[in-house]
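Geometric and topological summary
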Amino acid sequence: MSQSLQPVDTPSFYINPDTNVSVINYSEGYIQDVFQLINSEGLLNLVKLYLEDQRNKNNDVVQLTPKQYVDVLKAILTDNEKGYAIFDKEKVLQSVEDLYSYYRNYFRVSLLNKHNNAVIKGSFMDIDNHFNDVVIDLYRAIEEKLQGFANHTYRQINAGTNATAIVQSIDWPAPKGYEKLEKIRFLDTLMLRPPMMMHTKSNKREGVFDAVPNNPIKKFDGNRNEWYCFPAKIGESLAYIYFQRDYFVSGIALGNLFEVASEEEVKGHKPDEILLFGLPETEGDVCHYFHDEENDIWVGEVPYNDKTTYFGYMKKMCLTLHNLHMIYENRLPIHGSMVKITFSNGKVKTVVFFGDSGAGKSESIEALQEIADDKIVDIETIFDDMGSFAFDKDGSIFAQGTETGAFVRLDDLSSAVAFNNMDRGIYLNPELKNARVILPANTYKRVVQHHRIDMWVYANNYDSDIGLHQFPDEEAAKATFIAGKRKALGTTDEVGMSTTFFANPFGPVQEEQKTRPIIDKVFNKLYEDNIYVGEIYTHLGNDKSKDSLKESAKELLEQLMNN
């Protein structure tokens, strides 16, 4: 990543202006009141960065040294007017407002070591809340003393942190060659402060993830204080997602997407997948994976650079590793959305919408909600982006999800869905094209249950037809699903018409030969059981108004309610 202002790195406080990430370690130093805060090394270091950033401003206050600036703040706090009398109060106040905004522009996460202390787990949110109160109290005290009167409107924002996490070391059976991972601490419990507005240097994912002949674990030499692990339950897989601290935006955002594995689920358990996110160097400076057949672990690597700050790299690399694991378990990865719909006439149907990014999977569900009026009692999201089809011991087919959350484009959300859920969302670059939000969607227990399939439709965003089309036989259906056609909408680096094997570049593309027999088995069973397999015309490649999609949704509603 590019470098301008240099990071501050102390045991209790890390802040990197290049990545806009700050990590506050309460276990190394905890601020309990405004006087500790104003006298702290952390505040002095923050002021140093702020003043360096503000040097070109026409304000004599920001030309001070960091110590001089903090001394001015102390004089204001203690009503020592001689300590700041030479400055224009308005300019001092403006600089204080700018400093407050400068700090809040960072993504700020606090950490607390568990050390097997149950008291910490029960009170860590109170500890973080108190720190937030201290920060906002200091700001308000200085602000009101400078302006000469108390505010009449107060805004209780996240002044100190955006999120906090309990971290701890957990023993797990690291195979030979993986020993360096043992020292890295796991995230145990998270507390997020939504709605969270996060900003990264990249806003689009590029390319597909290829295999490499050598295990990326050989490149890992991470420092205990610079790397952390998010233990994720992805479907029924156990994944250890290791990330460098400058990627805390993505690391924390995982909390709205995947279930955090408990200490009991990690202790003594080898993971199915390991992701190393933020390695100093990878082949071609791009993402890769490796199948460690001896230890039966899928290992992914993602390089440290500006591009990979986009959350899509974190999510899709996790899902690629998971899907490859599923294929080797003879399960079929499904790039799509699955919902369970309860209708007013008493019928309950589960529908899977299938297709690559931008095809109209989530949009079809939203259009159905909008046109259904009171005909739909409830729509439950089982999975929003990735799931799998598998067979139980009796040979019956079922669907299962992977994520407990949804990673969706803001532009594609209806206003009703967006505003009803915005207070729980993690927003990524909301001011830019391809802005995204991560929303919790369902419980892990529901996501991994075995769900029957009543309908499977391909989201066709390129043809001009309107409505729903049922494929007459499995060969016709397979031809469309396997071709994976779509019109790219700018969510990746693709443009125009594209084709992707089975509409899924996250596993099936990499293991096409192993995937094809599973596809054959699935389609054969669906047609044997007379399950509806078809396509819905979404028109998203041509009609941004979504009027045609709503017409198609009406036909879908008719099919589901009356058949």
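Notes on the structure in this doc start here. (Residues numbered from 1 in each chain as written. Predicted model: local features only at pLDDT ≥ 70, side-chain atom pairs only at ≥ 80, totals over all residues. Heavy atoms only, no water.)

Summing up its helical and strand segments, the protein chain has 14 helices and 27 strands in all. Taking 24 Å as the expected radius of gyration for a compact globule of 563 residues, we find that the protein chain reaches 26 Å, a close match to that expectation. Dimensions of the protein chain, computed from C-alpha atoms along their principal axes, come out at roughly 85 × 55 × 45 Å. Taking all 563 residues of the protein chain together, 59% fall into the buried category. Relative to all contacts within the protein chain whose residues are 6 or more apart in sequence, the contacts with residues 24 or more apart total 75%. Put simply, the protein chain has 59 plus and 83 minus side-chain charges, and the middle of one group is 2 Å from the middle of the other. (Helix = DSSP H or I, 4+ residues; strand = E, 2+ residues; numbered from the N terminus. Rg over C-alpha atoms; globule rule 2.2 N^0.38 Å. Buried < 20%, exposed > 50% of the residue type's maximum accessible area, 1.4 Å probe, protein only. Contact = heavy atoms within 4.5 Å. Lys, Arg positive; Asp, Glu negative; His and termini not counted. Charge placed at Lys NZ, Arg CZ, Asp CG, Glu CD.)

Turning next to the environment of F107. On the secondary structure map, F107 appears in strand β4 (residues 107-113). Distance in space between the C-alpha atoms of F107 and V448 is 32 Å, their sequence separation being 341 residues. Residues contacting F107, with those up to four places away along its chain left out, are N20, V21, S22, N162, A163, M196, M198, F248, V249 and I252.

Our focus in this paragraph is helix α14 (residues 547-562). The terminal C-alpha atoms of α14, which comprises 16 residues, lie 23 Å apart, in line with the 22 Å expected from a rise of 1.5 Å per residue. All of the buried residues along α14 are S548, L549, S552, A553, L556, L557, L560 and M561. (Expected span 1.5 Å × (residues − 1).)

Moving on to the sheet that holds strand β20 (residues 405-409). Pairing between the strands of a sheet comes from backbone hydrogen bonds, and it takes one of two forms, parallel or antiparallel. Ordered by their spatial adjacency, four strands build an open sheet running β7-β21-β22-β20, and the pairing between neighbours is mixed. Only two strands of the sheet have a single neighbouring strand rather than two, namely β7 (196-198) and β20. Strand-to-strand twist in this sheet, taken as the mean axis angle between neighbours without regard to direction, amounts to 20 degrees. Direction of pairing for β7 relative to strand β21 (residues 426-428): parallel, over a ladder of three bridges. Considered in β21, the bridge of M197 is made with Y427. (Pairing = 2+ DSSP bridges. Axes fitted to C-alpha atoms, helices over the stretch in contact; angles between N-to-C directions.)

In this model, P194 is joined to P195 through a cis peptide bond whose omega is -5 degrees. In this fold, P195 is placed in the loop between β6 (185-192) and β7. Even without being glycine, N429 reaches a positive phi, approximately 50 degrees. Note on placement: N429 falls in the loop between β21 and β22 (436-440). Phi is positive for F502, which is not a glycine, with a value near 55 degrees. Inspection of the secondary structure assignment puts F502 in the loop between β26 (497-499) and α13 (512-528).

Moving on to the pattern of salt bridges. Where charged atoms from two side chains of opposite charge come close, those side chains can pair. This model, assessed by the stated rule, comprises 28 salt bridges. The residue D79 makes a salt bridge to K145 at a minimum N-O spacing of 2.9 Å. Placement of D79 in the loop between α3 (66-77) and α4 (89-104) and of K145 in helix α5 (residues 118-147) is noted, with a sequence separation of 66 residues between them. Overall, the relative accessible area of 31% leaves K145 in the partly exposed class. Close ionic contact of K315 with E403 constitutes a salt bridge, the shortest N to O distance being 3.2 Å. Taken together, the residues K315 in helix α8 (residues 311-328) and E403 in the loop between β19 (397-401) and β20 connect sequence positions 88 residues apart. We classify E403 as buried; its relative accessible area is 2%. (Salt bridge = Lys/Arg side-chain N within 4 Å of Asp/Glu carboxyl O.)

A complete count under the given rule lists 31 aromatic pairs for this structure. Taken together, a centroid distance of 4.5 Å and an interplanar angle of 55 degrees make the contact between W456 and F481 tilted. Here W456 is found in strand β23 (residues 455-460), whereas its partner F481 is found in helix α12 (residues 474-483), with 25 residues between them in sequence. Both residues of the pair, W456 and F481, count as buried. (Phe/Tyr/Trp six-rings, centres within 6.5 Å; stacked < 30°, edge-to-face > 60°.)

The quantities given are spatial measurements derived from coordinates; they are silent on function.
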